[in-house]
Amino acid sequence: MSILAVDAGTSEVKAALIGDDGATIASVSLPAPPSQNPASERVDPERYWGAVAEAMRAVADGGAAPDAIAVTGQGDGFWSLDSAGEPCGAYQWNSTRAGEVVLDWEAEDAIAEHYRSSTTVLWPGTSAAIWRWLSTEKPEQAQRTASVFCAKDWINYRLCGVIATDVTDATIPFLDLDSGAYSDEAFARLGCEDLRDKVAAIGPVGEQIGVLSREAALAVGVAQGTPILMGCIDVAAMVHGAGLENPGEALLALGTTAAALVIVNTTDSSGQAAGATLKLPGADRFLRVLGNSSGTSTLDWALKALSYEGEDRFERFWADVADGAPGPYLLPYLAGERAPFLAPEATGAFLGLTQSTRRADLARAAAVGVTFSLRHCLDSARRRQRGSTVLAGGGAIEPAWCQLVADVTGDAVAVDLHGVGACEGLARMVTGSAATTTDRFVVYEPRRSHYTEYQSFVELGRLMRPVWAAASDHLAPGDD
């Protein structure tokens, strides 16, 4: 069965035609529309759908006639419809608008209580937090809201008119991990009882949920009536696409966020509360997800802030990273932090500057700081289990960053350069075919580490938390 797979990401949208053998026949990647307001991370859902449709049409124009369509995409956030089926607000997973809600939950011990039940630490970009914020700050919008789901579910709705989700996207924040159903206790714990009848029904990954409508067929260039199959959250598709199946195996994703994804077969709420747990399809399979708020977005900021310009800006930046000296640290918390510790009020900072600090030293600090944050997530997610490590995402196209990840983590890192791993993984999930082999990976072996300041980086983050908490006025809601 050939699948037209869509990956509805935060910074990019991708479409790929995956053949019967699981290999990619054709693929297209386009920039996702920017947020309407960077401070709110609110997106225009119709513009977003337009970008996805354009990517699908570009693949279909090559003569693609898929047997079915499936969608994966960014998770969490708050994508909603009114009772007439019209969009009435879309906020992405990295929205910081509901920061005060999370701080209130912390003060009430609701965050810790929820972690004990779900092994997930809530952050401002979860649907529960955004709903509480909307109910207070934008009650008219909250009153209009009739249905709430995730990004991939919005695309499915535009494809076939059906409102539904799957267990991976439904997990955070209201799922009972044992039963795989919504937990009324979770809604009550988070003060979201009035959201209970608005969340999408949960269906199995791979199940047909509808067929491509006439209107959508014209937009995407695929035959009307093509089956639409239920997909999953992007991180689950990426892990499957990388061929990871066993407890302790990890995928590090260098995307808009840098995330450590580790397969586990049990949940454990002991130790410091950190990250999130997703229920995977099948019995007793979970994905520990520690996605920080750093990643390529932080390096994009560093390139601009340090005045790297022109077509060769990336080459010059990474050359400076190699030339930079230890000393300065970048705490890369430009959009707060959600893992491996929760601090929505966190801000970024260069520390350790002297009169001899050069631009190259700051470039090194930026690249190393983001990578240290990724290792911090990996260490927290793995705990006692270890296994193979795969690196994927947009940042993995840079060999210098791949080597940096290997050096900082001390792991041999297999890098997936295919670029559509989530699409391929999704296609294999919905068809039930075997996972990919690793013959297309490039392996980076760790060298003797020159990054011994990792523990100091972790300690600096810990010491800064009361400073951030005392200066959290920037979280006050503003206008969209």
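As the structure is a computational prediction, the values presented were derived from the model and not from experiment.

**Observations concerning helix α3 (residues 110-118)**
Link 1 in the chain: Every buried residue of α3 is listed here: Ala110, Ile111, His114, Tyr115 and Ser118. All buried residues of α3 fall inside an arc of 135° around its axis, so they share one side.
Link 2 in the chain: In this structure, the buried residues of α3 make contact with α2 (99-107), α7 (167-174), α8 (184-189), β16 (276-279) and β17 (286-291).
Link 3 in the chain: Phi turns positive one or two residues past the end of α3, at threonine 119, with a value near 50°.

**Digging into the packing of aromatic side chains**
Centre distance and the angle of the planes are the two values used to describe a pair of aromatic rings.
Link 1 in the chain: Scanning the entire structure with this criterion turns up 15 aromatic pairs.
Link 2 in the chain: On the numbers, 3.8 Å between centres and 10° between planes, the contact of phenylalanine 174 with phenylalanine 187 is stacked. Linking phenylalanine 174 in helix α7 with phenylalanine 187 in helix α8, this pair joins segments that are 13 residues apart in sequence.
Link 3 in the chain: When the centroid spacing of 5.4 Å and the interplanar angle of 85° are considered together, the rings of phenylalanine 317 and tryptophan 318 count as edge-to-face. Per residue, the accessibility class of phenylalanine 317 equals that of tryptophan 318, and both read buried.
Link 4 in the chain: An aromatic cluster of three or more residues is present, and its members are Tyr308, Phe317, Trp318 and Trp401.
Link 5 in the chain: Positioned above the aromatic ring of tyrosine 308, the side-chain terminus of arginine 359 is 3.9 Å from the ring centre.
Link 6 in the chain: The ring of tyrosine 454 carries arginine 375 above its face, with NZ or CZ at 3.9 Å from the centroid.

**Focus: the sheet that holds strand β5 (residues 78-82)**
Link 1 in the chain: The sheet built from 3 strands is open, its strands ordered β6-β5-β7 with antiparallel pairing. Two strands lie at the open edges of the sheet, namely β6 (87-91) and β7 (145-149), each paired on one side alone. For this sheet, the mean angle separating the axes of adjacent strands, direction not counted, is 20°.
Link 2 in the chain: Judged from the 4 bridges that link them, β5 and β7 form a sheet pairing that is antiparallel. Among the inter-strand pairings, leucine 81 is bridged to a residue of β7, identified as serine 147.
Link 3 in the chain: The strands that helix α6 (residues 151-160) touches are β5, β6 and β7; relative to β5, the one it contacts most, it runs at about 35°.

**Digging into the nonpolar core**
Nonpolar side chains tend toward joint burial in soluble globular proteins.
Link 1 in the chain: Formed by 71 residues in total, the largest nonpolar core has its most connected members in Trp105, Phe174, Leu251 and Leu287.
Link 2 in the chain: For leucine 287, the residues in contact, after removing those within four places along its chain, are Val235, Ala236, Val239, Leu261, Val262, Ile263, Ala276, Thr277, Leu278 and Leu280.

**Notes on the sheet that holds strand β1 (residues 3-8)**
Link 1 in the chain: As summarised here, the arrangement of the 6 strands in space is β3-β2-β1-β4-β13-β12, forming an open sheet in which the pairing is mixed. Strands with a single pairing partner mark the edges of an open sheet, and in this sheet they are β3 (24-31) and β12 (208-211). The mean angle between the axes of side-by-side strands here comes to 20°, regardless of whether they run parallel or antiparallel.
Link 2 in the chain: For strand β4 (residues 68-73) and strand β13 (residues 227-229), the ladder comprises 2 bridges, and the chain directions are parallel. What sits directly across from isoleucine 69, in β13, is isoleucine 228.
Link 3 in the chain: Seen against the sheet, helix α15 (residues 421-431) touches β1, β2 (12-18), β3, β4 and β13 and runs at an angle of roughly 130° to β1.

**A word on the pattern of salt bridges**
Link 1 in the chain: For the structure on display, the rule yields 18 salt bridges.
Link 2 in the chain: Close ionic contact of glutamate 459 with arginine 462 constitutes a salt bridge, the shortest N to O distance being 2.4 Å. Of this pair, glutamate 459 and arginine 462 both sit in helix α16 (residues 454-470), 3 residues apart, which is roughly one turn of the helix.
Link 3 in the chain: Of the residues examined, glutamate 459 reaches a relative accessible area of 34% and is grouped as partly exposed.
Link 4 in the chain: Accessibility expressed as a relative area gives 44% for arginine 462, which makes it partly exposed.
Link 5 in the chain: Beyond isolated ion pairs, a larger network of salt bridges with shared partners links Lys152, Asp153, Asp166 and Asp169.

**What about unusual backbone geometry?**
Link 1 in the chain: Residue proline 173 is bonded to the preceding isoleucine 172 through a cis peptide linkage, with omega at 5°.
Link 2 in the chain: Take proline 173: it is sitting in helix α7.
Link 3 in the chain: A cis amide bond, omega 10°, links alanine 339 with the succeeding residue proline 340.
Link 4 in the chain: With respect to the element layout, proline 340 can be found in the loop between β18 (329-331) and β19 (349-351).
Link 5 in the chain: A positive phi angle, close to 50°, is found at threonine 119, a residue other than glycine.
Link 6 in the chain: Of note, threonine 119 is situated in the loop between α3 and α4 (127-137).

Quick notes on the rules
- Residues numbered from 1 in each chain as written.
- Predicted model: local features only at pLDDT ≥ 70, side-chain atom pairs only at ≥ 80, totals over all residues.
- Heavy atoms only, no water.
- Buried < 20%, exposed > 50% of the residue type's maximum accessible area, 1.4 Å probe, protein only.
- Helix = DSSP H or I, 4+ residues; strand = E, 2+ residues; numbered from the N terminus.
- Arc of directions from axis to C-beta.
- Contact = heavy atoms within 4.5 Å.
- Phe/Tyr/Trp six-rings, centres within 6.5 Å; stacked < 30°, edge-to-face > 60°.
- Lys NZ or Arg CZ within 6 Å of the ring centre and 35° of its normal.
- Pairing = 2+ DSSP bridges.
- Axes fitted to C-alpha atoms, helices over the stretch in contact; angles between N-to-C directions.
- Core = buried A, V, L, I, M, F, W, Y, C linked by side-chain atoms within 4.5 Å.
- Salt bridge = Lys/Arg side-chain N within 4 Å of Asp/Glu carboxyl O.

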